[in-house]
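Here are the chains, one letter per residue:
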Amino acid sequence: MSSLERADKGAAYWRSLDELADTQEFRSFVEKEFPDFAGEMLAPPNRRTFIKLMGASVALAGFTACRWPKEKIMPWARQPEGRLPGVPVQYATTWDFAGSAVGLLVTSYDGRPIKVEGNPEHPSSLGAASAFMQALLLEMYDPDRSRYPVQGEEGRGWEEFDAAWRDAMRAAAARAGAGAAILSEANSAPTVARLRAELAKQFPQLRWFEYEPLSRDNERAGTALAFGSPMRPQLMLDHADVIVALDSDFLHDHPAALRHARQFGARRRADDGAMNRLYALEPCYSITGAAADHRLALSTTQISQIALHLAGNGAALTGDAGEMAEAIRGDLEQHGGRGLVIAGPRQPAEVHAAVAMINASYGNAGATVGYIPDDVRASHTEAMTQLAAAMNAGTVDTLLVLGSNPVYNAPADLDFAAVLGKVQNSFHLGLYRDETARACGWHAPMAHTFETWSDARAWDGTASLVQPLIEPMFGGKTVSEVLAAALGTTLPKAYDLVRATHADLDEKSWRAVLHSGLVAGSSVTASAPAPVIRSAARELVTATPSADALELVFIPDNSVHDGRFANNAWLQENPDPLTKLVWDNAVLVGPSTADALGLKQASMAKLSAGGRTLDVAVYTMPGMAPNVVALSLGYGRNGLGFRVAEGAGFNAYALRTAAAVDVVQGATLQATGETYDLVTTQDHWAIDSVGATETQRRIPELVKEATLAEYKANPEFASHGEIKLFNLWPQHEYEGHKWAMAIDLSACIGCGACTIACQAENNIPVVGKDQVRRGREMHWIRLDRYFHGKPETAQVVFQPVTCMHCENAPCEQVCPVAATVHDQEGLNVMVYNRCIGTRYCSNNCPYKVRRFNYYNWHNPPQGVPGLGAWRPPEKDPLIAMVYNPEVTVRTRGVMEKCNYCLQRITAVKIQSKNDRRPIRDGEIVTACEQTCPTQAITFGDLNDAESRVRKAHAHQRTYAMLQELNVRPRTQYMARLKNPSANAPGQAASNEGHA
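Model, not experiment: these values are computed from the prediction.

## Quick word on the overall build of the chain
Thought 1: Assigned secondary structure in the chain consists of 31 helices and 39 strands.
Thought 2: Residues counted as buried form 62% of the 995 residues belonging to the chain.
Thought 3: The long-range fraction of contacts in the chain, counting pairs at least 24 apart against all pairs at least 6 apart in sequence, stands at 76%.
Thought 4: By element, 51% of the accessible surface of the chain is carried by carbon and sulfur atoms, the whole surface being about 36,700 Å².

## Focus on the environment of C835
Thought 1: Structurally, C835 is set in the loop between strand 33 (828-830) and helix 28 (840-844).
Thought 2: The spatial distance from the C-alpha of C835 to the C-alpha of V817 is 6.9 Å, given a sequence separation of 18 residues.

## Quick word on the nonpolar core
Most often, soluble globular proteins keep nonpolar side chains buried together rather than apart.
Thought 1: The biggest cluster of nonpolar side chains holds 103 residues, and the ones touching the most others in it are W570 and Y847.
Thought 2: The element that contributes the greatest number of residues to this core is helix 6 (residues 131-140), accounting for eight residues.
Thought 3: Sequence-distant contacts of Y847, defined by excluding residues within four places in its chain, comprise I687, R782, V801, M804, C806, M961, L962, V967 and P969.
Thought 4: Counting residues in each nonpolar core, the second largest holds 81 residues, with A245, A594, F650 and L783 among its members.

## Comments concerning the pairing of strand 24 (residues 612-620)
Thought 1: Of the pairings in the sheet, the one linking strand 22 (residues 587-589) to strand 24 comprises three bridges and is parallel in character. Paired with V587 across the bridge in strand 24 is V618.
Thought 2: Across six bridges, strand 23 (residues 603-609) lies against strand 24 in antiparallel orientation. Note that in strand 24 the partner of L607 across the bridge is L614.
Thought 3: The hairpin formed by strand 23 and strand 24 contains two residues between the paired strands, and G610 there has a positive phi angle of roughly 60 degrees.

## Here we look at the packing of aromatic side chains
Thought 1: As enumerated under the stated definition, the model contains 22 aromatic pairs in all.
Thought 2: Grouped by ring-pair contacts, the aromatic residues W158, F161, W165, F427 and W442 constitute a single cluster.
Thought 3: Across the ring face of Y285, the terminal group of R295 is positioned such that the distance to the ring centre comes to 3.6 Å.
Thought 4: Between the NZ or CZ atom of R970 and the centre of the ring of Y734, over which it lies, the distance is 5.0 Å.

## Section: the confidence of the model for the chain
Atomic detail in the predicted coordinates should be set aside for any region of low pLDDT.
Thought 1: Predicted confidence across the chain gives a mean pLDDT of 86, with 85% of residues reaching 70 or more.
Thought 2: With pLDDT under 50 throughout, residues 34-76 is counted as low confidence; its partners more than four residues away or in other chains account for 133 contacts.
Thought 3: Note that residues 689-699 has pLDDT below 50 and, in this model, 31 contacts with residues that lie over four places away or in other chains.

## A short note on the pattern of salt bridges
Thought 1: As enumerated under the stated definition, the model contains 44 salt bridges in all.
Thought 2: Residues R220 and D374 are paired through a salt bridge, measuring 3.6 Å at the closest nitrogen-oxygen approach. One end of the pair, R220, is in helix 9 (residues 217-227); the other, D374, is in the loop between strand 14 (369-373) and helix 15 (380-392), and 154 residues separate them in sequence.
Thought 3: A salt bridge links R268 to D293, with the nearest nitrogen and oxygen atoms 2.8 Å apart. One end of the pair, R268, is in the loop between helix 10 (257-266) and strand 11 (277-282); the other, D293, is in the loop between helix 11 (287-290) and strand 12 (294-297), and 25 residues separate them in sequence.
Thought 4: Since its relative accessible area comes to 2%, R268 is described here as buried.
Thought 5: Look at D293 and you get buried, because its relative accessible area is 1%.
Thought 6: Through salt bridges that share partners, D915, R917, R920 and E923 make up one connected network.

## Remarks on the sheet that holds strand 11
Thought 1: With respect to topology, four strands assemble into an open sheet ordered 12-11-10-13, the strand pairing being parallel. Looking at strand neighbours, the two that pair on one side only are strand 12 and strand 13 (339-343), the edges of this open sheet. Between one strand and the next, the sheet's axes are offset by a mean angle of 10 degrees, whatever the strand orientation.
Thought 2: One ladder, built from four bridges, connects strand 11 with strand 12; its direction is parallel. Bridge pairing in strand 12 places A280 opposite R295.
Thought 3: The strands touched by helix 13 (residues 319-334) within the sheet are strand 10 (242-246), strand 11, strand 12 and strand 13, with strand 11 carrying the most contacts at an inclination of about 145 degrees.

## Things to note about the side chain of D784
Thought 1: Residue position: D784 is located in strand 30 (residues 782-788).
Thought 2: The exposure class assigned to D784 is buried, which follows from its relative accessible area of 4%.
Thought 3: Polar contacts involving the side chain of D784 include one to the side chain of R782, which spans 2.9 Å.

## Focus: the sheet that holds strand 24
Thought 1: Spatial strand order, 20-25-22-24-23-26: six strands in a closed barrel with mixed pairing. When the angles between neighbouring strand axes are averaged without regard to direction, this sheet yields 45 degrees.

## Section: helix 29 (residues 902-915)
Thought 1: The terminal C-alpha atoms of helix 29 lie 20 Å apart, and with 14 residues this matches the ideal 20 Å at 1.5 Å per residue to within 8%.
Thought 2: All of the buried residues in helix 29 are Q903, R904, I905, V908 and S912.
Thought 3: Contacts from the buried residues of helix 29 go to strand 4 (112-118), strand 29 (739-744), helix 25 (753-761), helix 30 (927-931) and strand 36 (937-941).
Thought 4: Phi turns positive, to about 55 degrees, at R916, one or two residues after helix 29.

## Points about the pairing of strand 25 (residues 628-632)
Thought 1: Across the five residues of strand 25, five count as buried, placing the element largely inside the fold.
Thought 2: Burial of the side chains of strand 25 extends over both faces: V628, A630 and S632 are buried on one face and V629 and L631 on the other.
Thought 3: Both strand 20 (residues 550-555) and strand 25 contribute to a ladder of five bridges, which runs parallel. Across the sheet, V553 pairs through a bridge with A630, a residue of strand 25.
Thought 4: The pairing of strand 22 with strand 25 spans two bridges and is classified as antiparallel. Its bridge partner lying in strand 25, L588 is registered against A630.

## Comments concerning helix 10
Thought 1: Among the ten residues that make up helix 10, eight are buried, leaving the element largely enclosed by the rest of the structure.
Thought 2: For helix 10, every residue scored as buried is listed here: A257, L258, H260, A261, R262, Q263, F264 and G265.
Thought 3: Packed against the buried residues of helix 10 are strand 3 (100-109), helix 6, strand 9 (231-235), strand 10 and strand 11.

## Some remarks on the packing of helix 6 against helix 25
Thought 1: Interhelical geometry of helix 6 versus helix 25 gives an angle of 25 degrees and a closest axis separation of 8 Å. With respect to each other, helix 6 and helix 25 are oriented roughly parallel. Relative to helix 25, the crossing made by helix 6 is left-handed. Touching A131, Q134 and A135 of helix 6 are A753, I756 and A757, all from helix 25.
Thought 2: Counted by class, the contact of helix 6 with helix 25 contains five nonpolar, one polar and no charged residues.

Rules of the game
Residues numbered from 1 in each chain as written. Predicted model: local features only at pLDDT ≥ 70, side-chain atom pairs only at ≥ 80, totals over all residues. Heavy atoms only, no water. Helix = DSSP H or I, 4+ residues; strand = E, 2+ residues; numbered from the N terminus. Buried < 20%, exposed > 50% of the residue type's maximum accessible area, 1.4 Å probe, protein only. Contact = heavy atoms within 4.5 Å. Areas by Shrake-Rupley, 256 points an atom, 1.4 Å probe, with all protein chains shown as cover. Core = buried A, V, L, I, M, F, W, Y, C linked by side-chain atoms within 4.5 Å. Pairing = 2+ DSSP bridges. Phe/Tyr/Trp six-rings, centres within 6.5 Å; stacked < 30°, edge-to-face > 60°. Lys NZ or Arg CZ within 6 Å of the ring centre and 35° of its normal. pLDDT = per-residue confidence, 0-100. Salt bridge = Lys/Arg side-chain N within 4 Å of Asp/Glu carboxyl O. Axes fitted to C-alpha atoms, helices over the stretch in contact; angles between N-to-C directions. Polar contact = N/O pair within 3.5 Å; in protein donor to acceptor, adjacent residues only side chain to side chain. Expected span 1.5 Å × (residues − 1). Parallel < 35°, antiparallel > 145°, perpendicular 65-115°, else oblique. Left-handed = near helix turned anticlockwise from the far one by under 90°. Nonpolar A, V, L, I, M, F, W, Y, C, P; charged D, E, K, R; others polar.

Right, here's the structure in full:
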């Protein structure tokens with residue numbers, strides 16, 4: 001039976017097309033606790049060795065360093081002033097990501113950074129942290145980072161690099177800077193801006209180019225078209241009742257995504273009856289699309305036409321697109337001044353101009369969106385094209401590349417590696433000796449963001465400071481230090497340069513800014529200028545994609561972004577929220593398009609676009625627009641010796657040209673007859689239904705959702721009704737604390753930040769692609785993604801699943817050595833030194849949330865099939881630096897699982913006891929709760945009548961997963977609500993058959 005046939009017969013929720021079609025591959029995971037290929041005698045062909053898979057999580061090598069200033073050794077009897085050994089300290093700092101700052105709090109343990117969280121005082125993070133931000137910690141300890149300057153293939157000292165750089169700039173000074181050029185990543189640092197201005201005075205003919213492979217240049221150009229100068233939209237989602245996302249993933253892929261997610265999530269709970277409504281029009285699934293009340297899969301061209309139609313000067317629309325456009329128009333009119341239309345960065349400038357006009361015409365400008373001035377500069381693609389042309393013409397003899405990697409990610413038709421060879425003096429500063437570093441005459445290591453002083457500006461203009469958590473482990477320098485050297489500054493130091501930029505702050509104010517991480521009141525006030533144009537272009541693209549001429553869309557990758565995180569093992573193994581792929585990318589194709597082209601899951605195909613071809617694996621993705629394929633950037637990093645990135649995925653940049661950096665029309669996809677080993681976790685740990693029919697084998701009881709109207713009509717739709725459950729023994733009464741958790745599925749957007757937060761906090765190892773293929777991933781939080789409906793128009797719902805800390809825990813009843821037991825506060829805890837690895841507890845867990853250590857992942861043995869013969873060197877002093885000292889590092893043969901961050905509970909209990917006061921509600925914050933952008937996770941004490949978690953458990957939307965088993969889980973869920981319009985096409989969530 002095909003997927004489409006099963007969908008028509010009523011399969012409720014399904015994880016994958018394999019599940020919907022009930023294939024043997026799916027059954028191999030759900031019918032057995034350990035799949036057929038779990039045995040060690042079955043060693044599948046390996047595409048890379050264990051060293052390439054494990055990467056920095058187990059291969060850390062180097063030397064220890066300390067954030068503290070250098071000082072003489074003192075006897076143990078005398079303690080350094082102001083420091084209490086063993087007590088972690090948090091420091092406020094900032095991360096400049098592609099030219100926009102995000103505030104962070106980094107926990108340092110005796111001078112060693114161990115955890116990254118969001119700064120609650122910073123407007124861009126509000127206390128949350130994305131997966132990328134938390135993985136910066138592993139990036140800092142990456143053994144593949146550059147360690148010393150290199151000239152060609154020879155190692156050099158910093159004095160030699162500095163002398164070569166100064167000599168090249170002295171020669172350029174004689175020509176007023178003619179022939180010299182600087183290529184940088186987007187950088188928002190005021191100190192860099194100050195030095196750039198000084199360089200312009202000293203070298204008036206020096207040329208500066210800025211390039212990011214993923215940018216918001218179309219938005220800048222569109223606002224310039226609408227207002228006469230480029231503007232930066234400031235979204236106020238907390239004021240919007242109706243939100244229209246036109247190819248925009250504003251909840252995940254935006255410089256202010258964390259702020260957007262917080263504001264959006266606050267309006268999804270419906271407790272006050274003011275739930276917002278989200279429309280999403282996009283070619284392939286995104287985090288924002290998954291959260292939408294109405295989603296329509298369209299090509300980027302069709303989305304552009306809808307935008308122009310809403311602006312009043314587009315062609316008439318028919319079909320679902322026309323119905324959706326009219327429903328959106330009616331909602332915007334009904335909610336004048338409370339609506340918001342957002343265009344994504346792939347949409348052309350004319351669409352962004354049209355969106356500005358739409359928001360102005362409906363009274364949204366100044367109410368749900370404001371604007372602040374943006375820089376006047378060439379687009380990143382224009383800048384790269386101009387630089388490549390100048391290098392090719394021989395007018396650049398000295399080039400400094402700051403952090404950027406254009407040999408890898410510049411448009412393929414520019415052939416940057418070839419033109420770089422024509423430059424006489426080329427210098428590169430970067431974290432890694434990457435593709436561009438190897439092509440330059442000189443390379444020097446850059447200091448990591450946690451190792452240096454700097455500053456930055458947030459999306460709203462807020463000035464923030466970057467302070468080091470540790471001294472540069474490999475002697476790296478900052479962008480500001482290298483620029484200052486060109487100005488002739490004697491031995492420039494990053495601290496002195498930053499302090500000079502903020503000389504207006506006295507010492508007291510400076511310390512206050514360091515403490516908070518930002519300059520209070522430094523954001524730019526948004527305004528609501530009137531558009532200066534009355535219409536946008538009517539026709540952008542006239543061609544309509546067809547089955548033999550596809551639309552190829554380039555998308556940022558949820559794991560490696562544009563490739564800068566390709567060597568980060570935490571991110572590579574964190575399953576993509578939507579495809580659930582690990583360690584790879586693939587070309588995404590909708591089921592109907594795949595059938596028309598004769599493509600199957602994990603088959604290889606030749607993707608051709610713009611006269612260029614790439615052999616790539618195929619992933620059949622529900623919810624894709626017909627005749628549209630999508631390919632994420634950032635993979636195919638081969639031949640560099642990077643232990644994690646080597647051999648992972650396919651290089652989409654090979655198809656990207658300066659004329660088509662976002663979308664390519666007229667692409668073709670043809671099967672090659674070969675297959676590829678794609679690994680996904682989508683069918684791992686699947687839970688069978690209790691009493692489900694054959695056509696509804698997956699449990700509708702796991703996920704519960706309804707429309708807002710249905711919820712109002714039946715507020716207790718999520719309850720099981722009258723279920724009489726009996727216990728074999730009296731229930732324990734907890735006189736002290738009674739810890740529990742609640743997860744609001746209405747607020748959860750499925751971003752996966754909680755998984756990385758848990759991994760960093762609890763020393764969870766990376767196991768590699770081959771072991772994940774065997775179903776052995778170790779994450780304590782899995783993010784189940786379910787589809788609902790037909791494959792072409794499938795909707796998505798996410799459900800984070802951790803250990804439930806069941807009151808009647810099935811795992812405890814079968815453990816022969818009492819390694820898993822209940823404590824006096826209701827936690828299901830593991831006694832690791834008792835565990836003998838029978839795995840009975842895993843077999844007996846209905847939620848499948850316990851993980852078994854097949855190997856000592858932190859020091860794996862030699863000769864294990866699928867792991868390779870490599871093992872990390874013993875007694876390496878840097879290996880332990882990434883681990884949280886408050887959490888046991890587990891070894892082979894034991895079970896492990898979520899413990900509600902017991903170490904955090906204990907720390908607060910000790911502090912409150914010392915203070916002789918009760919624990920305050922919200923004082924204990926688990927790692928997943930801390931990082932959640934939408935605050936969907938709540939932890940607390942059920943014995944506290946006023947606690948948030950007790951109120952959440954008592955809420956009418958709350959239900960216990962698999963309540964009928966009488967295991968009495970302490971983690972409970974609040975059912976998901978959607979707020980669809982009666983006038984829009986497509987399927988809306990319903991509780992019919994779900995409760």
